[in-house]
Amino acid sequence: MYLPPHDPHVDDPMRFKPLFRIHLMERKCATVECMYGHKGPHNGHIQIVKKDEFSTKCNQTDHHRMSGGRQEEFRTWLREEWGRTLEDIFHEHMQELILMKFIYTSQYDNCLTYRRIYLPPSSPDDLIQPGLFKGTYGSHGLEIVMLSFHGKKAKGTKITGDPNIPAGQQTVEIDLAHPLQLPDVENLRDFSELSRIVLEVQEQVRREEQEREQQQEEEEHSKQAASQPASPLGGEGAEGEETAAGAEGMTQDKAPASQPFVLPMGVISRNEDYPRTCRICFYGTGLIAGHGFTSPERTPGVFVLFDDDRFGFIWLELKSFSLYSRIKVSFQNAQAPSREAFDEMLKNIQSLAT
């Protein structure tokens, strides 16, 4: 199991923890051992469910228990997962979230199902190399997000989740056709100024979507009424692509190599060690929800590209900032066989979470 570094140190390397191991014996036999817990290896089971899917089961879960009961197990888990003790956590809301995560993860007793995920395919036009990133999520700690590019959009999909937003959901979406021109640093410190800029772009995006829907309806009516099918949709689509390409070209050619960056006053960041310069910013939306993924909604925000390995997202409604840093582990045989296979995988993991 790959674990993120301790919160909020996103630039630290991932941690590795073995869960199961297989001993290949003579005469084509094998034994499976569960490595979970603190009493040493013990009897386990692995079953191939179907292609690209298998399950693990511990046959001796008593090895996971501690003499001090659940309280000792929780304190040990807290030290290992968070690198701190319960006395270090003063915020009551954070204590509640951490306890929820412990209860949720420990109830499975390491009876788990694993499904293959692919790394996102890349193209020369991508803003940066897609891949896996560690990100700060407030009191939830660090989580793993997969950044992938889809034409005019970029998507951040949660690979690990929390009690509010489960794994598989699209945590952020970046609109690459709508770059944001940030004010100078002094004005950027004013949250209301940043909010004004973002909400203006949000309204522009809403109007453009309405116009596209209206044009599509009119074109459908025209096709039904005309004896010869016209193709204004194709023309409009081509024009739209050209416009988007123009915007992309503008951001790459005319945007400064770097510009000063600072978080507005009142925006909370778990990691204050964020870069003070950025390359470019885009309008985006972030997914928020109540506990148990209740009442999910997409809210406006700002995607901030710092460099090839780091980006950030300002959650306007939450007045919160997430910092993401690239995972530089080299995974074997993780490339998707095709773009279609990758898109299908994204759809599958989202449906599992839903």
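Cut-offs used in this document
- Residues numbered from 1 in each chain as written.
- Predicted model: local features only at pLDDT ≥ 70, side-chain atom pairs only at ≥ 80, totals over all residues.
- Heavy atoms only, no water.
- UniProt positions renumbered as here; feature names shortened; annotations may be inferred.
- Domains from an automatic or database assignment.
- Contact = heavy atoms within 4.5 Å.
- Buried area = accessible area lost by both parts, 1.4 Å probe.
- Salt bridge = Lys/Arg side-chain N within 4 Å of Asp/Glu carboxyl O.
- Polar contact = N/O pair within 3.5 Å; in protein donor to acceptor, adjacent residues only side chain to side chain.
- Helix = DSSP H or I, 4+ residues; strand = E, 2+ residues; numbered from the N terminus.
- Nonpolar A, V, L, I, M, F, W, Y, C, P; charged D, E, K, R; others polar.
- Core = buried A, V, L, I, M, F, W, Y, C linked by side-chain atoms within 4.5 Å.
- Buried < 20%, exposed > 50% of the residue type's maximum accessible area, 1.4 Å probe, protein only.
- Patch = residues over 30% accessible without salt bridge, like charges linked within 9 Å, V, L, I, M, F, W, Y side chains within 5 Å.
- Areas by Shrake-Rupley, 256 points an atom, 1.4 Å probe, with all protein chains shown as cover.
- Phe/Tyr/Trp six-rings, centres within 6.5 Å; stacked < 30°, edge-to-face > 60°.
- Lys NZ or Arg CZ within 6 Å of the ring centre and 35° of its normal.

By the naming in an unreviewed UniProt entry, the chain goes by FBX31 protein and is assigned to Dryoscopus gambensis. Of the comments in the UniProt record for the chain, the one headed Pathway (unreviewed entry) reads "Protein modification; protein ubiquitination."

Enquirer: Can you help me understand the domain arrangement of the chain in this one?
Expert: Note on interface size: it is often stated as the accessible area lost on association of the parts. When its domains are assigned, the chain resolves into domain 1 (2–115) and domain 2 (131–193 + 256–352). Its C-alpha centre places domain 1 at a distance of 27 Å from the equivalent point of domain 2. Of the residues lining the interface, 22 residues belong to domain 1; the matching set on domain 2 comes to 22 residues. When domain 1 packs against domain 2, the two sides together hide about 1800 Å² of surface, and 66% of this comes from carbon and sulfur. At the surface where domain 1 touches domain 2, the tally comes to 2 salt bridges. Here Asp 7 ties to Arg 270 by a salt bridge, and the two come within 2.3 Å at their closest N and O atoms. Inspection of the domain 1/domain 2 interface yields 4 residue pairs in polar contact (both at pLDDT 80 or more). Of the residues forming the side of domain 1 that touches domain 2, the biggest block, 7 residues, is contributed by helix α2 (residues 92–106). Of the residues assigned to the side of domain 1 that touches domain 2, the class counts are 12 nonpolar, 3 polar and 7 charged.

Enquirer: So what exactly am I meant to see when it comes to the pattern of salt bridges here?
Expert: If the charged atoms of two oppositely charged side chains come close together, the side chains can form a pair. Counted under the stated rule, the structure contains 25 salt bridges. The partner of Asp 52 in a salt bridge is Arg 116, with the nearest N and O atoms 2.7 Å apart. Taken as a pair, Asp 52 in the loop between β5 (42–50) and β6 (53–58) and Arg 116 in the loop between β7 (112–115) and β8 (131–136) lie far apart in primary sequence, 64 residues in all. Through salt bridges with shared partners, one network takes in Asp 11, Asp 307 and Arg 310.

Enquirer: What exactly am I supposed to notice about the nonpolar core here?
Expert: In this structure, Leu 180, Phe 261, Val 302, Ile 314 and Phe 321 are the most contacted members of the largest nonpolar core, which totals 26 residues. Mapped onto this core, the elements with two or more residues apiece are α4 (191–225), β15 (280–290), β16 (294–307) and β18 (320–326). Ranked by residue count, the leading element in this core is α4, at 6 residues. Contacts of Leu 180, omitting those with residues within four sequence positions, involve Ile 197, Val 198, Val 201, Cys 281, Phe 282, Tyr 283 and Val 302. In terms of nonpolar packing, the next biggest core, distinct from the first, is built from 19 residues, Tyr 137, Leu 147, Ala 154 and Ile 174 among them.

Enquirer: Is there a simple way to explain a nonpolar patch on the surface in this structure?
Expert: Taken together, Tyr 2, Phe 16 and Phe 331 make up a surface patch of nonpolar side chains, about 320 Å² in accessible area. Looking at the secondary structure, you find Phe 331 in the loop between β18 and α6 (339–353). Judged by its relative accessible area of 31%, Phe 331 is partly exposed.

Enquirer: Which parts of the structure should I look at to understand the packing of aromatic side chains?
Expert: Aromatic rings considered in pairs are described by the distance between their centres and by the relative angle of their planes. Here the structure, examined in full by the defined rule, presents 18 aromatic pairs. Between the aromatic rings of Phe 306 and Phe 321, the centroid separation amounts to 6.4 Å while the plane-to-plane angle is 80°, which identifies the pairing as edge-to-face. Remark: Phe 321 occurs in strand β18 and Phe 306 occurs in strand β16; sequence separation between them is 15 residues. Pair check on accessibility: Phe 306 and Phe 321 agree, each one buried. One aromatic cluster in this structure is built from Phe 133, Tyr 137, Phe 282, Phe 303, Phe 311, Phe 313, Trp 315 and Tyr 324. Lys 319 extends its terminal NZ or CZ atom over the ring of Phe 191, reaching a point 4.7 Å from the ring centre.

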